Each structure stands twice: as C-alpha cells, then as structure tokens.
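What the coordinates show
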Amino acid sequence: MTLRAILAGTGSALPRTRVSNAELATRVDTSDEWIVERTGIRFRHIAEPDETTATLGADAAKQALAAAGLEPADIGLIIVATATPDNTFPASATKVQAILGAPDCIAFDVAAVCSGFLYAVSVADSMLRTGAAKHALVIGSETFSRILDWEDRTTCVLFGDGAGAAVLSAKDVDDDQGILATRLHAEGQYCDMLYVDGGPSTTGTVGHVRMQGREVFRHAVTNLASVLGEVMADVGLSADQIDWVVPHQANKRIIDATAKKLGLPAERVVLTVDQHANTSAASVPLALDLAVRDGRIKRGDLVVLEAMGGGFTWGAAVLRV
Ligand code: UT7
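Thoughts on the pattern of salt bridges
- A full pass over the atoms with the stated rule returns 15 salt bridges.
- Between Arg 210 and Asp 197 there is a salt bridge, with the nearest N and O atoms lying 2.9 Å from each other. Highlighted residues: Arg 210 in strand β10 (residues 209–211) and Asp 197 in the loop between β9 (194–196) and β10, separated in sequence by 13 residues.
- The partner of Lys 252 in a salt bridge is Asp 256, with the nearest N and O atoms 2.8 Å apart.

Points about the environment of Pro 85
- Relative to the helices and strands, Pro 85 is located in the loop between β4 (77–81) and α4 (92–100).
- On a C-alpha basis, the gap between Pro 85 and Ala 67 in space is 25 Å, while along the polypeptide they are 18 residues apart.
- Once residues lying within four places of it in the same chain are set aside, the contact partners of Pro 85 are Ser 92 and Asp 109.

Focus: the domain arrangement of the protein chain
- The assigned domain composition of the protein chain is domain 1 (2–173) and domain 2 (178–320).
- Relative placement of domain 1 and domain 2: their C-alpha centres are 14 Å apart.
- Carbon and sulfur atoms supply 63% of the area buried between domain 1 and domain 2, which totals about 3900 Å² over both sides.
- Of all residues in domain 1, Cys 114, Leu 118 and Ile 147 bury the most surface against domain 2, accounting for 17% of the area lost on that side.
- Between the two partners, domain 1 and domain 2, sit two salt bridges.
- Its salt-bridge partner being Arg 210, residue Asp 149 comes within 3.0 Å of it at the nearest N-O pair.
- Scanning the region where domain 1 abuts domain 2 turns up 23 residue pairs in polar contact (both at pLDDT 80 or more).
- Mapped by element, the contributors of at least two residues to the side of domain 1 that touches domain 2 are β1 (2–13), α2 (32–39), β3 (43–46), α3 (53–68), α5 (116–129), β6 (135–143), α6 (153–156) and β7 (161–173).
- Among the elements that make up the side of domain 1 that touches domain 2, the one with the highest residue count is β1 (eight residues).
- Residues that form the side of domain 1 that touches domain 2 fall into these classes: 24 nonpolar, 19 polar and 11 charged.

Observations concerning the pairing of β1
- Most of β1 sits inside the fold, with 10 of its 12 residues counted as buried.
- As paired strands, β1 and β7 are joined by 11 bridges and run antiparallel to one another. The residue bridging Arg 4 from the neighbouring strand is Lys 171, located in β7.

Re unusual backbone geometry
- Put simply, Phe 89 and Pro 90 share a cis peptide bond, and its omega is 5 degrees.
- Positive phi, normally seen in glycine, also occurs at Ala 277, with a value near 60 degrees.
- Structurally, Ala 277 is set in the loop between α9 (273–276) and α10 (283–293).
- Residues other than glycine seldom take positive phi values, yet Ser 280 does so here, at roughly 50 degrees.

Digging into the side chain of Asn 278
- Structurally, Asn 278 can be placed in the loop between α9 and α10.
- What makes Asn 278 buried here is its relative accessible area of 5%.
- A polar side-chain atom of Asn 278 sits 3.3 Å from a polar atom in the side chain of His 248.

Focus: the packing of aromatic side chains
- For the structure shown, the criterion picks out two aromatic pairs.
- A ring pair is formed by Tyr 190 and Phe 312, whose centres lie 5.2 Å apart and whose planes are at 20 degrees; its orientation type is stacked. With Tyr 190 in the loop between β8 (178–186) and β9 and Phe 312 in the loop between β12 (302–309) and β13 (313–320), this pair connects stretches of sequence that are 122 residues apart.
- With a relative accessible area of 23%, Tyr 190 lands in the partly exposed category.
- Residue Phe 312 is classed as buried on the basis of its relative accessible area of 1%.
- One cation-aromatic arrangement involves Arg 18 over Phe 43; the distance from NZ or CZ to the ring centre is 3.6 Å.
- In this arrangement the basic side chain of Arg 296 is found over the ring face of Trp 244, its NZ or CZ atom lying 5.9 Å from the centre.

What counts, and at which threshold
Residues numbered from 1 in each chain as written. Predicted model: local features only at pLDDT ≥ 70, side-chain atom pairs only at ≥ 80, totals over all residues. Heavy atoms only, no water. Salt bridge = Lys/Arg side-chain N within 4 Å of Asp/Glu carboxyl O. Helix = DSSP H or I, 4+ residues; strand = E, 2+ residues; numbered from the N terminus. Contact = heavy atoms within 4.5 Å. Domains from an automatic or database assignment. Buried area = accessible area lost by both parts, 1.4 Å probe. Polar contact = N/O pair within 3.5 Å; in protein donor to acceptor, adjacent residues only side chain to side chain. Nonpolar A, V, L, I, M, F, W, Y, C, P; charged D, E, K, R; others polar. Buried < 20%, exposed > 50% of the residue type's maximum accessible area, 1.4 Å probe, protein only. Pairing = 2+ DSSP bridges. Phe/Tyr/Trp six-rings, centres within 6.5 Å; stacked < 30°, edge-to-face > 60°. Lys NZ or Arg CZ within 6 Å of the ring centre and 35° of its normal.

Take a look at the structure:
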C-alpha cells in the first residue's frame, strides 16, 4: 500500500456577468476578430462588487465538497492560490474557511499567479502524504478584472474572473490512483515581463497588470513543453498514455503549440479559454471541473495539469483520477 493524495471531488464558480469580445470592443480599441485570432478567447466572466476571490472560491469549494461527499468539518487544510486576494491580509483561505463555517484547520494562500494551482496542489500533496491533514481543499480563485488597466488593450482583453476547487484526500492505495508526480519551477530574473505595477511595500496601491506578451508567449511554450516532459519521465509514461491534458488557459495558440511539441492530439486537451479567457490560478481547476462534470474525465483516466505565469513560475502534475 502507498499513501497518496487522490482527487476526491471538484467544483467551480463563475461570476454572473459574461462579457463578449464585441462588448469589450465598445470600450477599447480592439475587435472580436483580433482577440479570437490571436488568443481563441470569445467570452470572459467579470465579477460584480459582491463577488470576490473569497466568495467565488467558497462557492467552488462547496461544489467540490459535495462531489467528494464531505462536510467543511472534514477539511484539515485549505490552500487558496490567488494573485487577487480580497485583502492584503488575512489570507483568502481563512475567509473561505469562515464562509464555509469550517472549524480550526490549516489555511493559507499561495502566490504563484497563473501557476498558483499547480504550486498549491504540490504543497497539498506533500502535506497530505506526511499526515498534516486527511482532506485538503485546494482552490484557485481570481478577480483579475480588479487589477486590469481597462485602457490597455494589450492586457485587458485577455483575462477573466472565476474559481475552481479540488478536494484532495490522503488514501492508502494498492494501485496507481492519485497524484503520481509534480514539478515546479521559478525564474525570478523574468519578473519584469509579467507583473503588477503596485503593491503594499512599494507604491501602497494595488496596481495594474503589465505584460510583454510576445516574450511571455515564447517562454510559455518552451517551459510548458519542458515541464510536461519532466513529469511524464518521472512516472515513466509517454504522451500516448495520457488520457487528458488540462492546461492553463492563457492563449489557444500556446496550448496548441505545446500539445504539438509533445505530439498530443487536440482531442485530448481540455479547452475553456474561449469561454473563460485567462483566469490565472483558477483556469486549471475550472477546466478540470468542467471536464469531470461533462463526463470527459472519468475514474481511471491519466490526467496531466500544467501552467505557467508571472515570476516566471511554471509547473505540472500527473494524476490517475
Ligand atoms: O497566463 C500566462 C500569462 N499570459 C500569457 O501567457 C499571454 C502570452 N502572450 C500572448 O498570449 C500573446 O503574446 C498576446 C495575445 C498577448 C499578443 O499576441 P501577439 O500575436 O504576440 O501580438 P503582438 O503583441 O505582437 O501585437 C500585434 C499587434 C500590435 O500592433 P503592431 O505593433 O503590430 O501595429 C499590437 O498593438 O496587435 C496589436 N494589439 C491589438 N490589436 C487589437 C495588441 N492588443 C490588441 C488588441 N486588439 N486587444
């Protein structure tokens, strides 16, 4: 028997308001044609004032708990991956805990921007396997619309808001079910290529997203193909044994180019970027939940998760569902 973190349930939440490219084109100098051709994005959800990173995260968490057949009191660890917390502190994880009414447990945030969910999954996997908790809520939740410069067409058309959640449970297994490998990376020398130009310790303001898109694109394809190769080698599996890839949803061209580099057919890649745009840390768990709920991802499937974002940070995970 081996103690592993297994995927016990998933959930997601999207803000009520959905905005099309055509609607954006009435506010900034852009077009549906440009956005679709360069990114694959058609819609994004934008949070109303009463919808926050913590409320969306808690909504996604409730669904994931129901799918796992667990109560808030069963949870020993809550990690929220976010770059857009409700407050500078406390951690959004503690706010989610309060909304859920979950009693004393471990709760903290992870800041790795778009790779945040991969970082959070890796940390939860380690903590579950060392006995720190029996069940963990791992959440990616973002309200990026609050940190977008709505005058900057090179960034504001790319992002959306939302949340995704997964319950990971520690279980003794005698097969290859659960998280089989995770890999994380960071290269801080590229921190000026994708960042927010504000913060408590510098400007004292929240700031706005700034990005050198073309450079980020180039690094994303190289780094994602490389880290996917690493996790597959870790578990001794080849691309043709993967049932589903759930990639970070930043740009359809990045997803296509990465899949092509690895020889993965497009039919095995979960795509939500058209409907959600880039929801940063929420994108992977949102896409994972969608594919679980519509029946594409089934028990026994081999699933690979990957993401890359500001820092730069990037990572991947392989799990048998
Ligand atoms: O989550 C991880 C972080 N994010 C990413 O991974 C995003 C990575 N980067 C990208 O997805 C792409 O680089 C973008 C979608 C951001 C940009 O696509 P691109 O094909 O690299 O375009 P570009 O930046 O080279 O811009 C091409 C042209 C420029 O005009 P000129 O200089 O050629 O005349 C831009 O000014 O497109 C113009 N442009 C726009 N036009 C209409 C830039 N944004 C827009 C826009 N609407 N929204």
